[in-house]
Amino acid sequence: MDSLDYKFDFRDERNLSLVMDFYELTMSQCYFNSDHKDRIVTFDLFYRKNPDNGGYAVFAGLEEIIGYIQNLHFSDEDIEYLRSLNKFSDEFLDYLRHFIFTGDIYAVKEGTPVFPSEPLIRVRAKIIEAQLLETAMLLCVNHQTLIATKAKRIVQAAQGRAIMEFGARRAHNFDAANYGARAAYIGGVSGTATTYAGQKFGMPVLGTMAHSFVQSFDSEYEAFLAYAKTYPDSCTVLLDTYDTLKSGLPNAIKVAKDYLEPNGYRLQGVRIDSGDMAYLSKQIRLTLDKAGMEDCNIVVSNSLDEYLIQSLISQGAQINSMGVGENLVCSKSTPVFGGVYKMSSVFENEKMIPKIKISENIEKVTNPAFKDLYRIYDKETHKAIGDLMTIHGEKINLDEDLTIYHQMNSWKNKTIKKGTYIIKDLLVPIFINGKLVYDVPTLQEIKVHSEKEFSCLWDEILRFEYPQTYYVDLSKNLLDLKLRMLEEIKHD
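Quick caveat, the model's predicted, so the values are computed rather than measured.

Chemist: So what exactly am I meant to see when it comes to the overall build of the chain here?
Modeler: If you tally the helices and strands in the chain, you get 17 helices and 21 strands. Projected onto its principal axes, the C-alpha positions of the chain cover 80 × 60 × 45 Å. Intrachain contacts of the chain at a sequence separation of at least 6 include 74% that bridge at least 24 residues. Summed over all atoms, the accessible surface of the chain reaches about 22700 Å², with 49% contributed by carbon and sulfur. Here the chain contributes 55 positive and 68 negative side-chain charges, whose respective centroids are spaced 4 Å apart.

Chemist: Honestly, the packing of helix α3 (residues 76-84) against helix α4 (residues 90-97) in this entry has me stumped. Any pointers?
Modeler: α4 packs onto α3 with a crossing angle of 160° between their chain directions and a minimal axis gap of 10 Å. Viewed along their axes, α3 and α4 adopt a mutual orientation that is roughly antiparallel. As for the relative orientation of α3 and α4, their crossing is right-handed in sense. Contact with α3, carried on its side by Asp 76, Ile 79, Glu 80, Leu 82 and Arg 83, involves Asp 90, Leu 93, Leu 96 and Arg 97 of α4 and no other residues of that element.

Chemist: Whenever I open this one, the sheet that holds strand β10 (residues 297-300) confuses me. Can you help?
Modeler: Adjacent strands of a sheet pair through backbone hydrogen bonds, lying either parallel or antiparallel. In space, the six strands of this open sheet follow the order β7-β6-β11-β10-β9-β8, with parallel pairing throughout. In the strand order of this sheet, the two ends are held by β7 (191-192) and β8 (236-238), each with one partner. Taken together, the four bridges between strand β6 (residues 162-165) and strand β11 (residues 321-324) define a ladder with parallel strand orientation. Across the sheet, residue Glu 165 finds its bridge partner in β11, namely Val 324.

Chemist: What is the right way to read the packing of aromatic side chains from this model?
Modeler: Given two aromatic rings, their pairing is described by the distance between the two centres and the angle made by the two planes. The full count for this structure, using the stated rule, is 18 aromatic pairs. When the centroid spacing of 5.7 Å and the interplanar angle of 70° are considered together, the rings of Phe 22 and Phe 88 count as edge-to-face. Of this pair, Phe 22 sits in helix α1 (residues 22-33) while Phe 88 sits in the loop between α3 and α4; the two residues are 66 residues apart in sequence, bridging distant segments of the chain. Among the residues examined, Phe 22 registers a relative accessible area of 37% and is labelled partly exposed. By relative accessible area, Phe 88 is classed as buried at 9%. Taking 5.1 Å as the distance between ring centres and 80° as the angle between the ring planes, the aromatic pair formed by Tyr 56 and Phe 454 counts as edge-to-face. Taken together, the residues span a long stretch of sequence, with Tyr 56 in the loop between β1 (40-46) and β2 (57-58) and Phe 454 in helix α15 (residues 443-454) at a distance of 398 residues. When its relative accessible area of 3% is taken as the criterion, Tyr 56 is described as buried. Following the ring pairs from residue to residue traces out a cluster consisting of Phe 22, Phe 32, Phe 74, Phe 88, Phe 92, Tyr 95 and Phe 99. Between Arg 122 and the ring centre of Tyr 106, over which it is positioned, the NZ or CZ distance is 4.5 Å.

Chemist: It is not clear to me how the sheet that holds strand β20 (residues 435-436) should be interpreted in this structure. Could you clarify?
Modeler: Ordered in space as β13-β12-β1-β5-β3-β19-β20, the seven strands form an open sheet in which the pairing is antiparallel. This sheet does not close on itself; its edge strands, each paired only once, are β13 (351-354) and β20. Both strand β19 (residues 428-432) and β20 contribute to a ladder of two bridges, which runs antiparallel. Residue pairing for β20: Ile 432 is matched across the bridge by Lys 435. In the packing of helix α6 (residues 134-158) onto the sheet, contacts are made with β1, β5 (121-126) and β12 (340-348), and the angle to β12 comes to roughly 140°.

Chemist: I'm lost on helix α2 (residues 62-70) in this one. Help?
Modeler: Residues lying three or four places apart along an α-helix face the same way, a consequence of the helix completing one turn every 3.6 residues. When you tally the buried positions in α2, you get eight out of nine residues, the bulk of the element. Listed in full, the buried residues belonging to α2 are Leu 62, Glu 63, Glu 64, Ile 65, Ile 66, Gly 67, Tyr 68 and Ile 69.

Chemist: Would you mind showing me how to read the pairing of β10 here?
Modeler: Residues in a regular strand project their side chains so that they alternate between the two faces of the sheet. By the bridge criterion, four bridges tie strand β9 (residues 269-272) to β10 in an arrangement that is parallel. Paired with Arg 271 across the bridge in β10 is Val 299. Once the chain exits β9 it traverses helix α12 (residues 277-290) before rejoining the sheet at β10, and the crossover so formed is right-handed. Direction of pairing for β10 relative to β11: parallel, over a ladder of two bridges. Following the sheet pairing, Val 300 is matched in β11 by Met 322.

Chemist: What is the right way to read the packing of helix α10 (residues 220-230) against helix α11 (residues 244-260) from this model?
Modeler: Each pair of packed helices gets described by two things: the angle between the helix axes and the distance between those axes. Running from amino to carboxyl end, α10 crosses α11 at an angle of 45°, the nearest separation of the two axes being 9 Å. Classed by the angle they form, the pair α10 and α11 counts as oblique. Between α10 and α11 lies a crossing of right-handed hand. Counting all contacts with α10, which are made through Glu 220, Tyr 221, Phe 224, Leu 225, Ala 228 and Lys 229, the residues of α11 involved are Ser 247, Gly 248, Asn 251, Ala 252, Lys 254, Val 255, Asp 258, Tyr 259 and Leu 260.

Chemist: What am I meant to see in the nonpolar core here?
Modeler: In a soluble, globular protein the nonpolar side chains are often hidden away together inside. Formed by 138 residues in total, the largest nonpolar core has its most connected members in Ile 121, Val 123, Leu 133, Val 270 and Ile 309. Examining the composition of this core, we find that 12 residues originate from one element, α6, more than from any other. With residues up to four places along the chain from it excluded, the contact list for Ile 309 reads Ile 154, Ala 157, Ala 158, Ile 163, Leu 304, Met 322 and Val 324. Core analysis: the second largest hydrophobic core is formed by nine residues, Ile 376, Ile 396, Leu 402 and Ile 416 among them.

Chemist: What should I look at first to understand the environment of Glu 306 in this one?
Modeler: Summarising the element assignment, Glu 306 is placed in helix α13 (residues 306-314). Once residues within four sequence positions are removed from consideration, Glu 306 is found in contact with Asp 52, Lys 150, Arg 153, Ile 154, Ala 157 and Phe 464. Here the side chain of Glu 306 touches Lys 150 through a polar contact of 2.9 Å, side chain to side chain. Within the structure, the side chain of Glu 306 is placed 2.7 Å from the side chain of Arg 153, a separation counted as a polar contact.

Calculation rules
- Residues numbered from 1 in each chain as written.
- Predicted model: local features only at pLDDT ≥ 70, side-chain atom pairs only at ≥ 80, totals over all residues.
- Heavy atoms only, no water.
- Helix = DSSP H or I, 4+ residues; strand = E, 2+ residues; numbered from the N terminus.
- Contact = heavy atoms within 4.5 Å.
- Areas by Shrake-Rupley, 256 points an atom, 1.4 Å probe, with all protein chains shown as cover.
- Lys, Arg positive; Asp, Glu negative; His and termini not counted.
- Charge placed at Lys NZ, Arg CZ, Asp CG, Glu CD.
- Axes fitted to C-alpha atoms, helices over the stretch in contact; angles between N-to-C directions.
- Parallel < 35°, antiparallel > 145°, perpendicular 65-115°, else oblique.
- Left-handed = near helix turned anticlockwise from the far one by under 90°.
- Pairing = 2+ DSSP bridges.
- Phe/Tyr/Trp six-rings, centres within 6.5 Å; stacked < 30°, edge-to-face > 60°.
- Buried < 20%, exposed > 50% of the residue type's maximum accessible area, 1.4 Å probe, protein only.
- Lys NZ or Arg CZ within 6 Å of the ring centre and 35° of its normal.
- Right-handed = clockwise from strand over helix to strand, strands pointing away.
- Core = buried A, V, L, I, M, F, W, Y, C linked by side-chain atoms within 4.5 Å.
- Polar contact = N/O pair within 3.5 Å; in protein donor to acceptor, adjacent residues only side chain to side chain.

Okay, structure coming up:
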C-alpha cells in the first residue's frame, strides 16, 4: 500500500487539554455556578480577510482538531494545577475531571477553498463544552489554513513546476514544522524535507545534500562522486558551494560522464541556492544540453515566494522544480490568519435564540443564528457562483429562482435563474453527540479534493493582484433577521 493512501493515526498522544486561554476556564466556572451550565449554544469559527489580499483561503487543520477532541480530558495533574490557582471550586474541578465532549460539530472538508465571514466550523453543544474548544480550534485552523493558502499561491505561481517544502529550520517550533508541512501538501506542494512529516502523515520526503557535505571532502568532485556512488539512481548535486558555473557545473557533468552514465544511470538534477537564478539557470540549461543531459532537472531554492517565482518564470528561467522554505512555512508576508470563534445562538426549550456581535467596524458585525452554508454551482460550467448562508433548516427549492443578498444591504443582491444552478451543503457532520461520525480522509484524498474544488473557481478569483471578490451572501430570511436585530439594538 502506498504511504499516501494509508490512514495514519492523527491523534496526538500528548495531553494538550490546557492549551487554552485562561478565560475559557474562568467563564466556564461562572457558567457552572449559574443556571447556564447545560444551556445549548452554537458557535461559528470563521475569518474576516484573505491572506496576502488574495481571493481565497484553503481550509486546513480539521484532522488535528479531531485528534484534540478525541483526547480532550483533564488529568489529575491538570486538576491539581488548576486547584493551586485558587480560582475554581471543588465542584467545578470535579466536573472537569469527568469532562467529555458530547456536542455536535459540523465543518467544511479540508482542502476546500473558503472565503471570509462564512462558518468553517459550526459547534452546537453545552456552553462549557463549546467554550473550552475555542483556543485549540483556532490554533489548528489559523495555522494550517494560513500555510495551506500560502502553499496554494506558490504552487499556482509555479505553473506546473514542482514545489518542495523546505521550511522546517525556519518554522516556529517542532509542531509548526510538521503541521506546516502537512498544510503545505494540502496546498499542493509535491513533498517535504521534514522527515517526521513523512513518517506521521505519509508525505513524500525529499532532500540531497548541503554545502557542508561538499566542504567536508577534499574536492567538490570527490563530494559529488561519493554521493553518486551512494545514490546512483537519484543523484542531485548542489552546485554553488564554490562557483556555480566554473566549478559546480563542470564537476557535476564530469561525475555524470565518469561514473553515472558508464554504469547505466543519469544525473537526475542539479540545485542552486544562491546567485541570479534566472541567469544561472539559463546558462546551466545550455551547458547541460550541450553535454547531452537534456533530462537533467534544474532545482532552485533561496527565499522564494510566489512573486519571485512569477518573476523568474517571466524572465525565462530554466527551472524544473523549486524548494521553498521560510516564506512558505511561516507565511512571512502575512504571518497571521485571523480566524475568530463567535457565539451565534443559544437554545431555550429547544427554541433557537439568535445572537449577534456588533461593532463600529462593519466587517466585525457577526451573522447571527444557527446557520447552514451552501455552495452554489453553475449547472452547465460547474463553476462556483457563490456561497450562501441560511438559517438552519431553510429549504432551497431548485425549481425556483434563487436570490442571494449582500451581508448588510438588501438592495445589493443577485438572482440565479431556476434550472441553471445546483447546490452543495459545505458543512458536513464531524461529531454527533460527542461521537466521531466522519470518515477522516487520507492526506492524498484531501489533496485531490482540494484540486477538484479549486478547479470550480473562476480564474478571476485566483489572480494575485486585485482578485474578484467571491460572493458570500445571505438568504433573505437571514438578512432580515440580522438587520432587524441591529435595528433593535440601535433603539435599546
